[in-house]
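Here is how the chains run, residue by residue.
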Amino acid sequence: MTTTQHEFQAETKKLLDIVINSLYTERDVFIRELISNSADALEKMRHESLTREDVFDAHVPLEIDISLDEKAHTFTITDTGIGMSRVELESNLGTIAHSGSNTFLLELAEAAKKDINLIGQFGVGFYAAFMAGAKVRVQSRSWDGSEGHEWESDGSGTFTITEKEGLHRGTRIIVELKEDAHEYAQKWRVESIIKQYSAFVSFPIKLEGEVVNTVQALWMRNKAEIKEEEYTEFYKFIANAFDEPTYRLHFSADAPLAINALLFVPKENFEIMGFGRVDPGVNLYCQRILIDQHSENILPEWLRFLKGVVDSEDLPLNISRQALQDNALVSKLRKVITKRFLKYMDEEAKKDPEKYLEFWNTFGIYFKEGATSDYEFQKELSRLIRFESSKSEAGKPIGLAEYLARMNPDQEEIYYINGPSRTAIESGPYVEMFTKNDIEILYTMEPIDDFVLSHLGEFEGKKLVSADRADLSLPKGTEADAEEKPEDEASLDKEQKESLLSWLKKALEDKVADVIVSRRLVDSPAMIVNPDGHMSSSMERVIAMSRREKGVPEEKSKKNLEINPANPLIRRLAALIKEDEDFAREVAGQIYDNAMIQAGLYVNHLEMVERNYRILGRVTKA
Ligand code: ADP
């Protein structure tokens, strides 16, 4: 038998030095790396055997076998893949195969300097065996049937290669475990590592004779051949869930990126049930091997409720979690998959609106979060959000597309108004004009809603506008209508209106920016509108609340007060100014406060209650 001795290539030496001396956290990954190499070798064998007939050991089944020896402290992995010839052993296991290995080494060395924990996240391929092994032996025989060999090294600079008789096709790696790594000869320990990282490898992995990877990588299979129950079972497995998924998207793409994805929407939302923020539920795989569990990078944060798998063979297995974060390929994948999922949801919503509403009630909050935080997907999200409206049934929100479809042809904008409930909104002043003119208006009833619509800005070219804006542009006919309404007898004439306005401006000087005659009020005496078009009253309320919570001083912007001269109270007020100006001032103050309350804005309660008692005192006086 001839034994030859070889030096590791300089780069490999550096890598081995890091692996041996610094990598002792997250050592588990050495098992993943060896299984992955075996799976690759088996995949190549399967491929070859399709076209070749002269395969050595052709009858041997394609599989991985792991055996442990607790007494001898060894971990042994055997595969029946393509194996390696002498030349291959020498070059494959003596140099670094990674393209760009130098940058990889630099990165690894950097990470090792900064934080020892970081480097455990780097895949280091075959050399990971030295994380746990004091000595590693590789016995291999190529599929061409040439002589078998044994490669051996303790990782310190040199390795030997010796001819070895009696080997079958494939590779056996015997890891003689270090003193502090004896745990890797324990069955339960190894089993749990295989289940975590390699549960979906497409060849049987036997551990001490028993197959441990019983779940198939469903996402790699043809959709047409998968049964409904298989999907459900898989969902329960991968999401660790007990419920059944409500939606499922299984898709594959080859260009521009190779993607196999299987995504599930769960039935329950544990986050809104008070269990705290959920972790992302989609795992990232490369060729069935886990590279990032609960990946924070593969989907945007607001899709954290999804469960499932994304597999892309374009991703390098040796990528660190750190590197995933700003990897251009990963962000491309994220974009493609997110768009695909949102498109799928839009199609599903059209197919079965009832079902979508159920989803919306449970998970809609995430789409709202996306709309306020992620510009990239606004267009898609704007098709998926739902609100109740003046033309929807209570509890049956509609989409913007539906609004658009029945909008008056001359209507330029999409209107919305915020309020605590449907009843509150409908009894408030803002919807009067809309109801009267049969214009649909959306009801936004959650604090986040106005932020969502203001972030979106528009839908299919129509601006989204809060109805409490001062400069609301109304469809033709409606404005003019109010302006040119023949003054009925009871209403105030032009002069009376003007003097009432200037008196009110003076009386409410500290509180309002302006007082104007409303062109939109029908019944109510007055309402508050916002001169700053970007901020609805609801948004201002939310911001004020968070300021108060944080103890930051409030910034109150002054509003406009619109009054309705056709309203009896306003008419009385005009007369009252002349009869009892002090009392008129009290009434004006109360009208202002009432309008503020209807706008959902903060008023000084103490002051208001006192004033209210004064007014009551006077009207109940005999
Ligand atoms: P990588 O897998 O990223 O190429 P490794 O350092 O893990 O890098 O392995 C180097 C090479 O050694 C592989 O590309 C492969 O050609 C060969 N190799 C490793 N393990 C096996 C195996 N079990 N069977 C056959 N060839 C292997």
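Throughout, a residue's number is its position along its own chain's written sequence, starting from 1. Residues qualify for local features only when their pLDDT is at least 70, as the model is predicted, and side-chain atom pairs are given and counted only at 80 or more; totals for whole chains, interfaces and linings, by contrast, use all residues. Note that water and hydrogens are dropped before the side-chain values are worked out from all heavy atoms of the structure.

1. Here we look at the sheet that holds strand S15 (residues 386-389)
Next, step 1: Between any two strands, pairing holds if DSSP finds at least two bridges. Secondary structure elements are taken from DSSP: a helix is a run of H or I of four residues or more, a strand is a run of E of two residues or more, and numbering for both begins at the N terminus. Strand order in the open sheet made by the six strands is S16-S15-S18-S17-S20-S19, with mixed pairing throughout. Strand pairing shows two members of the sheet lacking a second neighbour, strand S16 (398-399) and strand S19 (458-459), which therefore form its edges.
Next, step 2: Taken together, the three bridges between strand S17 (residues 413-418) and strand S18 (residues 442-444) define a ladder with parallel strand orientation. Bridge pairing in S18 places Ile 417 opposite Tyr 443.

2. Some details on a nonpolar patch on the surface
Next, step 1: Patch definition: residues with relative accessible area over 30% and no salt bridge; like charges joined within 9 Å; nonpolar side chains (Val, Leu, Ile, Met, Phe, Trp, Tyr) joined within 5 Å. Note on areas: Shrake-Rupley with a 1.4 Å probe; residue coverage comes only from the protein chains shown. Every case where a carboxyl oxygen of Asp or Glu lies within 4 Å of a side-chain nitrogen of Lys or Arg is listed as a salt bridge. Nonpolar side chains collect at one region of the surface, where Phe 270, Ile 272, Met 273, Phe 275 and Ile 365 lie side by side and expose about 530 Å² of accessible area between them.
Next, step 2: Here Ile 365 is to be found in helix H12 (residues 353-373).

3. Considering the packing of helix H19 (residues 494-507) against helix H21 (residues 568-579)
Next, step 1: The axes used here are C-alpha line fits, helices contributing only the stretch in contact, and every angle between their N-to-C directions lies in the interval 0 to 180 degrees. Running from N to C, H19 and H21 point in directions that differ by 75 degrees, and their axes come no closer than 10 Å. Taken together, the axes of H19 and H21 lie roughly perpendicular to each other. Contact residues: H19 offers Leu 500, Trp 503 and Leu 504, while H21 offers Ile 570, Leu 573, Ala 574 and Ile 577.
Next, step 2: Charged residues are taken to be Asp, Glu, Lys and Arg, nonpolar residues to be Ala, Val, Leu, Ile, Met, Phe, Trp, Tyr, Cys and Pro, and polar residues to be all remaining types, Gly included. A breakdown of the residues in the contact of H19 with H21 according to their chemical character gives seven nonpolar, no polar and no charged. An angle below 35 degrees is read as roughly parallel, one above 145 as roughly antiparallel, one from 65 to 115 as roughly perpendicular, and any other as oblique. Contact definition: two residues touch when any of their heavy atoms are within 4.5 Å.

4. Observations regarding H19
Next, step 1: Multiplying 1.5 Å by the residue count of a helix minus one yields the expected span of that helix. An ideal rise of 1.5 Å per residue puts 20 Å on 14 residues; H19 measures up with 20 Å between its terminal C-alpha atoms.
Next, step 2: Think of it in three bands: with a 1.4 Å probe and only protein chains considered, a residue is buried below 20% of the maximum accessible area for its type, exposed above 50%, and partly exposed in between. Within the sequence span of H19, burial applies to Leu 500, Leu 501, Trp 503 and Leu 504.
Next, step 3: The elements touched by buried residues of H19 are strand S21 (512-517), strand S23 (559-563), H21 and helix H22 (581-598).
Next, step 4: Taking the backbone nitrogen of Glu 495 as reference, a side-chain oxygen 3.2 Å away marks Asp 493 as the first, capping residue of H19. Within 3.5 Å is the distance limit for a polar contact, defined as a pair of N or O atoms, with the added protein rule that one can donate a hydrogen and the other accept it, and that residues adjacent in sequence qualify only through two side-chain atoms.

5. Overview of the sheet that holds strand S8 (residues 205-207)
Next, step 1: Across the sheet, which stays open at both edges, the nine strands sit in the order S1-S6-S5-S4-S7-S3-S2-S8-S9 with mixed pairing between neighbours. Only two strands of the sheet have a single partner each, and these edge strands are strand S1 (3-7) and strand S9 (210-211).
Next, step 2: Bridge analysis of strand S2 (residues 64-69) against strand S3 (residues 74-79) gives six bridges, and the strand direction is antiparallel. Of the residues in S3, the one forming a bridge with Ile 66 is Ile 77.
Next, step 3: Contacting S2, S3, strand S7 (170-177) and S8, helix H2 (residues 29-51) crosses the sheet at an angle of about 20 degrees to S3.
Next, step 4: Here helix H7 (residues 187-197) sits on the sheet in contact with S2, S3, S8 and S9, set at roughly 165 degrees to S8.

6. Re H12
Next, step 1: Spanning 21 residues, H12 covers only 26 Å between terminal C-alpha atoms, well under the ideal 30 Å at 1.5 Å per step.
Next, step 2: Along H12, the sharpest kink reaches roughly 70 degrees, centred on Phe 363.
Next, step 3: Restricting attention to buried positions, one finds in H12 the residues Tyr 356, Leu 357, Phe 359, Trp 360, Phe 363, Gly 364, Tyr 366, Phe 367, Lys 368, Gly 370 and Ala 371. Note that the bend at a residue is defined as the angle between axes fitted to the seven residues ending at it and the seven residues starting at it.

7. A short note on the side chain of Glu 63
Next, step 1: One can find Glu 63 in the loop between H2 and S2.
Next, step 2: Side chain to side chain, Glu 63 and Lys 206 meet in a polar contact 3.2 Å long.
Next, step 3: Leaving out residues up to four positions away in the same chain, Glu 63 has contacts with Leu 42, Thr 78, Asp 79, Thr 80, Phe 203, Pro 204 and Lys 206.

8. Notes on the pairing of strand S11 (residues 259-265)
Next, step 1: Burial analysis of S11 places seven of its seven residues in the buried class, the great majority of the element.
Next, step 2: Burial of S11 is two-sided: the residues Ile 259, Ala 261, Leu 263 and Val 265 facing one way and the residues Asn 260, Leu 262 and Phe 264 facing the other way are all buried.
Next, step 3: Across seven bridges, strand S10 (residues 247-253) lies against S11 in antiparallel orientation. Residue pairing across strands places Ala 253 opposite Ile 259, the latter belonging to S11.
Next, step 4: Where S10 folds back on S11, the antiparallel hairpin that results is connected by five residues.
Next, step 5: By the bridge criterion, five bridges tie S11 to strand S14 (residues 307-311) in an arrangement that is antiparallel. When the bridges of S14 are listed, Leu 263 appears paired with Gly 308.

This is a description of form; function is not addressed.
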